[in-house]
Amino acid sequence: MTSLDTLALVLSGAGVLVPGALGAMFLRNPAKGMAFAKHRLENLPQVMADRYFALVALGIGATCYGDMKVIAFLFAVFAFLGFADATIYARAGTPFSKHLMAGVAATIVTVVALAANFQTGAGA
């Protein structure tokens, strides 16, 4: 491993701290999270569009890269997003089936990618 590899890993690890802190802030106090992140409710549809396109880009990248471990991990995260959103909406008494279906679909991709990974002998 080169020094640039090490630096990239350190920076990548550090890069998860800010969104992790923001996630915790939004969980504890959504109003404080919105204020701190400078998000505005009226811009939420555009923000969501950006997020969905970012998820598409991640999916394309993982698919083109072709590593079953990367695909399994990414789609496990996608499954979490779908199930977490479904839970939020179900608790609010609002329709949640589309989010639930997204979580199930992502789980299927995860399981198939893991099975493919084990079938080739690559292991977990």
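Scroll up a little and you will see the structure.
Remember, it's a predicted structure, so these values are computed and weren't measured experimentally.

Enquirer: So what exactly am I meant to see when it comes to the packing of helix α4 (residues 44–65) against helix α5 (residues 68–91) here?
Expert: Packed helices, taken two at a time, are described by the angle their axes make and the gap between the axes. It is the contact of α4 with α5, at a shortest axis distance of 9 Å, that shows an interaxial angle of 155°. Classified by the interaxial angle, the pair formed by α4 and α5 is roughly antiparallel. Considering the relative orientation of α4 and α5, their crossing is left-handed. Where α4 approaches α5, its residues L55, L58, G59, A62, T63 and Y65 are matched on the opposing element by V70, I71, L74, F78 and L81. The residue inventory of the contact of α4 with α5, partitioned by class, reads nine nonpolar, two polar and no charged.

Enquirer: Got a minute to help me understand the environment of F78 in this structure?
Expert: Examined against the element boundaries, F78 turns out to sit in helix α5. For F78, a relative accessible area of 15% puts it in the buried group. Spatially, the C-alpha atoms of F78 and V104 are 9.7 Å apart, while their sequence positions differ by 26 residues. Once residues lying within four places of it in the same chain are set aside, the contact partners of F78 are L55, L58, G59 and A106.

Enquirer: Even after reading the chapter, I still don't get the environment of F83, so can you show me in this structure?
Expert: In this structure, F83 sits in helix α5. Each C-alpha atom, one on F83 and one on K98, is 10.0 Å from the other, the two residues being 15 residues apart in sequence. Those residues in contact with F83 that lie beyond four places of it in its chain are H99, L100, G103, V104 and T107.

Enquirer: How should the packing of helix α2 (residues 17–28) against helix α3 (residues 30–37) be read in this particular structure?
Expert: Orientation of α2 relative to α3, taken along the N-to-C sense of each, is 140°, at an axis distance of 5 Å. If you check the angle between α2 and α3, you find them oblique. Only P30, K32, G33, M34, F36 and A37 of α3 make contact with α2, whose side of the interface consists of L22, M25, F26 and R28. Grouping the constituent residues of the contact of α2 with α3 by class yields seven nonpolar, one polar and two charged.

Enquirer: Even after reading the chapter, I still don't get the packing of aromatic side chains, so can you show me in this structure?
Expert: What describes a pair of aromatic rings is the distance from one ring centre to the other and the angle between the planes of the rings. The final tally for this structure, using the stated rule, is one aromatic pair. Between F75 and F78, the aromatic rings sit 4.9 Å apart at their centres with planes inclined by 70°, giving edge-to-face as the arrangement. Taken together, the positions of F75 and F78, both in helix α5 and three residues apart, correspond to about one turn of that helix.

Enquirer: What exactly am I supposed to notice about the pattern of salt bridges here?
Expert: Under the definition given, this model contains one salt bridge. A salt bridge links E42 to R40; its shortest N-O distance comes to 2.4 Å. For E42, a relative accessible area of 48% gives the class partly exposed.

Enquirer: Whenever I open this one, unusual backbone geometry confuses me. Can you help?
Expert: With the exception of glycine, most residues fall at negative phi, and the peptide bonds are largely trans. Look at K38: it is not a glycine, yet its phi comes out positive at around 65°. Among the structural elements, K38 can be located in the loop between α3 and α4. Overall, K38 belongs to the exposed group, its relative accessible area being 68%.

Enquirer: Got a minute to help me understand the environment of G61 in this structure?
Expert: When you line up the elements, G61 lands in helix α4. Sequence separation of G61 and R91 is 30 residues, and the distance between their C-alpha atoms is 34 Å.

What counts and how
Along each chain, the written sequence defines residue order, and numbers are assigned to residues from 1. Note on the predicted model: pLDDT of at least 70 is required for a residue's local features to be given, and 80 or more for side-chain atom pairs to be given and counted; whole-chain, interface and lining totals, by contrast, use all residues. Excluded from the side-chain calculation are hydrogens and water; included are all heavy atoms of the structure. Where helices are involved, their axes are fitted lines through C-alpha atoms of the stretch in contact, as for all axes, and angles between N-to-C directions lie from 0 to 180°. Think of it this way: any DSSP run of H or I at least four residues long counts as a helix, any run of E at least two long counts as a strand, and we number them from the N terminus. Working rule for angles: under 35 degrees goes down as roughly parallel, over 145 as roughly antiparallel, 65 to 115 as roughly perpendicular, anything else as oblique. Take the far helix as the reference: if the near one is turned anticlockwise from it by less than a right angle, the crossing is left-handed, and if turned clockwise, right-handed. Note on contacts: a residue pair is in contact if any heavy atoms of the two residues lie within 4.5 Å. When residues are grouped by polarity, Ala, Val, Leu, Ile, Met, Phe, Trp, Tyr, Cys and Pro land in nonpolar, Asp, Glu, Lys and Arg in charged, and all others, Gly among them, in polar. Think of it in three bands: residues with accessible area under 20% of the maximum for their type are buried, residues over 50% are exposed, and the middle band is partly exposed, with areas taken using a 1.4 Å probe on protein chains only. Whether two aromatic rings pair depends on their centres lying within 6.5 Å, for rings of Phe, Tyr and Trp, where Trp uses its six-membered ring; planes under 30 degrees apart make the pair stacked, over 60 edge-to-face, and the rest tilted. Salt bridge, as used here, is a side-chain nitrogen of Lys or Arg placed within 4 Å of a carboxyl oxygen of Asp or Glu.

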